[in-house]
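Commentary on secondary and tertiary structure
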Amino acid sequence: MKKNLKILVLSAAFLCFAAHLSYGQGSRYTGTYIKAPVIQHVGKSNFVIEGLEFSNSEKDIIALYSCENVVIKNNKFSSSSKRGIYLDNCKNITIIDNWFENVHTALTAHNSQGVSFDYNDVKNVGGLLKNSDDTNNGFVVLFDKVNGAGNSVSYNVSENIFGESSPGDLINVNQSNGTSQSPIMIKGNWLRGGGPSPSGGGILIGDIGGAYQIAEDNILVDVGQYGIGIGGGHDMTLRNNKVFGKKQYFSNVGVSVCNWYEEHFGKSYNITVEKNIVNFIHNEGRLSNWWYSDNMEPIVGKSTNVYDGNLSASILPEQIFGRARIATEPTPVVPPVETPVETPVETPVETPVETPVETPVVPPVETPVETPVKLVLDPSIRIYIDWFNRICANCRGVISPSATMTVFTQNEQKILSIPVIGYHTTIGVRIPSGIYTVRVENGNRFQTKKIVIK
């Protein structure tokens, strides 16, 4: 799986991006945990693993085989020589708002589909190297033969402290295939620290081939031998990433684009590398920002990549864990008004959760789109569009197991519904431009809003 050499727009656009990142990365869970033993399930579907603490394990902590429709959220994994989560032949697995520390690998997903690893914190993977020849390096995430739609590794935070960890690639996408409509997304991650693996680095897509993978809007600081790269395959994209690497005895190149396995898996094509900002120093002390192998040409967007000598480790804040829990959120679009703060829960209590469309508590339904404030039913739920034009909801307080976010067209036709599984929920799929009604129901709390997708 390894090889000898692996591998924002500036001004106002970058400022907007940075503002989103300041509160959007990593786990947002602030609750407590209940200690639990390791978990293994085979052929089980439709369940949630939540609020547990696992530690001091010599086995894979959560191992799922042939399981479907599983949510793993708000858990703590620590002190394991094995993997935090291992998936084999699984489908539709959501891993969100978890904390991993001193595990060999946070997630390995093998021969699976519909896997999302989003908004997690990961500190120190791989453990200590036994000697200089030890190649048993860990990963933050390894996608191995993960295929189909709905696969994501996004908005995570990882830090590996030199001497306390031994990562290989932090995020590796190996022999995996997204689809043209739903590529595998590696987006908006903050990654700091890597090495001393002679082949490991930050993010590698297209490892040993694959197709339809995108790595964008990631920020990487001192992540290893290389910063970010493409290792083969077709329909691969690196864009809008920021990569800084200081001189270290193992540092090599910031952006690496090479088909390492062309002889065995065929030529690469439809390769895009654009709008990346890089400042990376080779172990000899010279600038080494990018390397494009001839066997990946033509590469779209090469001229748009920028070297910025002012780029430094400060592109990530000193504290990268827990920022979503302490940072001030953007000012809510809808202020709390008519609904009394003392008794917001009682307002729609008569309405059965199972029949939200028929709820009688909608007297302001005729309110025009220009005055959405009249639609507020419970100020603990906020619906908004984020910087990436995605529909999001923030729900304060206890999250009901049946909580949902549903999107309707102007003709009241439901186009999708997803579970609300934490304080912050995002609809990750692209929705066509238009005007929609978004409804969020959390137990007996309710909110609706008109949303415009541009």
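Criteria and thresholds
- Residues numbered from 1 in each chain as written.
- Predicted model: local features only at pLDDT ≥ 70, side-chain atom pairs only at ≥ 80, totals over all residues.
- Heavy atoms only, no water.
- Helix = DSSP H or I, 4+ residues; strand = E, 2+ residues; numbered from the N terminus.
- Buried < 20%, exposed > 50% of the residue type's maximum accessible area, 1.4 Å probe, protein only.
- pLDDT = per-residue confidence, 0-100.
- Contact = heavy atoms within 4.5 Å.
- 1 Å grid on protein atoms, 1.4 Å probe; cavity = no way out; pocket = protein on both sides within 12 Å on 5 of 7 lines; lining within 4 Å.
- Points joined across faces, edges and corners; volume = space filled by probe spheres on them.
- Nonpolar A, V, L, I, M, F, W, Y, C, P; charged D, E, K, R; others polar.
- Domains from an automatic or database assignment.
- Phe/Tyr/Trp six-rings, centres within 6.5 Å; stacked < 30°, edge-to-face > 60°.
- Lys NZ or Arg CZ within 6 Å of the ring centre and 35° of its normal.

What follows covers unusual backbone geometry. Cis geometry marks the peptide bond from Gly 195 to Pro 196, where omega comes out at 10°. Tracing the backbone shows Pro 196 in the loop between strand E17 (190-192) and strand E18 (201-216). Residue Pro 298 follows Glu 297 across a cis peptide bond; omega there is -5°. Tracing the backbone through its elements, the reader meets Pro 298 in the loop between strand E26 (290-292) and strand E27 (299-300). The backbone of Asn 74 sits at a positive phi, close to 60°, despite the residue not being glycine. Relative to the assigned elements, Asn 74 resides in the loop between strand E6 (68-73) and strand E7 (76-88). Owing to a relative accessible area of 8%, Asn 74 belongs among the buried residues under this scheme. With a phi close to 55°, Asp 235 is a non-glycine residue in the positive phi region. Relative to the helices and strands, Asp 235 is located in strand E21 (residues 234-239). Taking relative accessible area as the criterion, Asp 235 reaches 18% and is therefore assigned buried.

Right, let's get into the confidence of the model for the protein chain. Detailed reading of the predicted coordinates is not advisable wherever pLDDT is low. Residues at a pLDDT of 70 or more form 81% of the protein chain, whose mean pLDDT is 83. Overall, residues 1-23 carries pLDDT values under 50, and its contacts beyond four positions in sequence, including any with other chains, amount to 77 contacts. Under a pLDDT of 50 for its full length, residues 327-376 has, in the predicted model, 58 contacts with residues more than four places off or in other chains.

Attention now moves to the layout of surface pockets. In this structure, the largest pocket spans a volume of roughly 1500 Å³. For the largest pocket, the lining is made up of 47 residues, of which Asp 118, Thr 426, Ile 427, Gly 428 and Val 429 are closest to its centre. Among the elements that take part in the lining of the largest pocket, strand E8 (residues 91-96) stands out by supplying five residues, more than any other. A class-by-class count of the residues in the lining of the largest pocket yields 22 nonpolar, 18 polar and seven charged. Looking at which domains feed residues into the lining of the largest pocket, each of domain 1 (24-325) and domain 2 (376-453) supplies at least three.

This part takes up the packing of aromatic side chains. Taken as a whole, this structure holds eleven aromatic pairs when the rule is applied. When the centroid spacing of 6.0 Å and the interplanar angle of 20° are considered together, the rings of Phe 162 and Phe 250 count as stacked. In this pair, Phe 162 sits in the loop between strand E14 (157-159) and strand E15 (171-177) while Phe 250 sits in the loop between strand E22 (242-245) and strand E23 (253-257), placing the two residues 88 residues apart along the sequence. For Phe 162, a relative accessible area of 48% gives the class partly exposed. Accessibility expressed as a relative area gives 7% for Phe 250, which makes it buried. Arranged with centres 6.0 Å apart and planes meeting at 45°, the rings of Trp 260 and Trp 291 form a pair that is tilted. Here Trp 291 lies in strand E26 and Trp 260 lies in the loop between E23 and helix H2 (262-265), a separation of 31 residues in the sequence. Overall, Trp 260 belongs to the partly exposed group, its relative accessible area being 25%. Every member of this aromatic cluster is reached through a ring pair, and the members are Phe 54, Phe 77, Phe 100 and Phe 117. Sitting over the ring of Tyr 86, Arg 83 keeps its end group 4.0 Å from the ring centre. The side chain of Arg 382 reaches across the aromatic face of Tyr 384, ending 3.8 Å from its centre.

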